[in-house]
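Structure assessment
Listed here are the chains, written in short residue letters.
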Amino acid sequence: MTGFGLGYTLPAIVAAAATCAAEIGILRTGLFHRTEYWICLAIVLAFQIPVDGWLTHGDTPTVVYNPTHITGIRAPLNIPIEDFLFGFALVTLVLLLWEHRRRSESGQR
């Protein structure tokens, strides 16, 4: 049985939503409108999918998720969809903070 709870799904959704809210409501770097950002995410996915897949796929996966803590929705190579949400949040928040600091130091808004 799969679930939607505090284990992994809810924190993944909150992390992705909070990252988007930080950009839209506070940081306003314009990162989501830049082609370079989306290329960066594509590069991250190009590495995340095979590595994450290797860790979660097969008869004896290195990482095993409690099925009651995830939705059960899995993408390529048996990767829980929550992993993509966390990956998005982590990479995006770092880039947002980096861009925000760069703009603050150069006097840009």
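In this text, all values refer to a predicted model and were calculated from it rather than measured experimentally. (Residues numbered from 1 in each chain as written. Predicted model: local features only at pLDDT ≥ 70, side-chain atom pairs only at ≥ 80, totals over all residues. Heavy atoms only, no water.)

Along the protein, the regular secondary structure elements total three helices and two strands. Order of helices (α) and strands (β) in the protein, N terminus to C terminus: α-α-β-β-α. Dimensions of the protein along its principal axes, counting C-alpha atoms only, are 55 × 25 × 20 Å. Here the protein holds 109 residues, and the buried ones make up 30% of them. Look at the contacts in the protein between residues 6 or more apart in sequence, and 66% of them connect residues 24 or more apart. In the structure as shown, the protein presents an accessible area of about 7,100 Å², 69% of it carried by carbon and sulfur atoms. The centroid of the 7 positive side-chain charges in the protein is displaced by 14 Å from the centroid of its 8 negative side-chain charges. (Helix = DSSP H or I, 4+ residues; strand = E, 2+ residues; numbered from the N terminus. Buried < 20%, exposed > 50% of the residue type's maximum accessible area, 1.4 Å probe, protein only. Contact = heavy atoms within 4.5 Å. Areas by Shrake-Rupley, 256 points an atom, 1.4 Å probe, with all protein chains shown as cover. Lys, Arg positive; Asp, Glu negative; His and termini not counted. Charge placed at Lys NZ, Arg CZ, Asp CG, Glu CD.)

Mapped onto the present numbering, the UniProt feature "transmembrane region" (unreviewed entry) falls on residues 6-26, 38-57 and 77-98. Across residues 6-26 one finds 86% helix and 0% strand; the C-alpha atoms that close the span lie 26 Å apart. (UniProt positions renumbered as here; feature names shortened; annotations may be inferred.)

Residues with a pLDDT of 70 or more make up 94% of the protein, whose mean pLDDT is 92. Across the protein, helix α1 (residues 9-27) holds the top mean pLDDT of 97, while strand β1 (residues 74-75) sits lowest at 90. (pLDDT = per-residue confidence, 0-100.)

Considering all chains together, one arrives at five salt bridges under this definition. Here Arg34 makes a salt bridge to Glu99, at a shortest N to O gap of 3.5 Å. With Arg34 in the loop between α1 and α2 (35-56) and Glu99 in helix α3 (residues 81-106), this pair connects stretches of sequence that are 65 residues apart. On the basis of relative accessible area, Arg34 is assigned to the partly exposed category, the value being 31%. Across the salt bridge formed by Glu99 and Arg102, the nearest N and O atoms sit 2.5 Å from each other. Separated by three residues within a single helix, Glu99 and Arg102 lie in helix α3, roughly one turn from each other. Note on Glu99: relative accessible area 9%, which makes it buried. We classify Arg102 as partly exposed; its relative accessible area is 39%. Three or more residues joined by partner-sharing salt bridges are found here, namely Arg34, Glu36, Glu99, Arg102 and Arg103. (Salt bridge = Lys/Arg side-chain N within 4 Å of Asp/Glu carboxyl O.)

This part covers the side chain of Glu23. With respect to the element layout, Glu23 can be found in helix α1. Arg103 is the oppositely charged side chain nearest to the buried, salt-bridge-free Glu23, at an N-O distance of 7.7 Å. Of note is the side chain of Glu23, whose polar atom sits 3.0 Å from the side chain of Thr29. Discounting chain neighbours no more than four positions away, the residues touching Glu23 are Arg28, Thr29, Gly30, Leu31, Phe32 and Leu96. (Polar contact = N/O pair within 3.5 Å; in protein donor to acceptor, adjacent residues only side chain to side chain.)

Let us look at the environment of Gly25. Of note, Gly25 is situated in helix α1. Distance from Gly25 to Trp38, taken between C-alpha atoms, is 20 Å for residues 13 residues apart in sequence.

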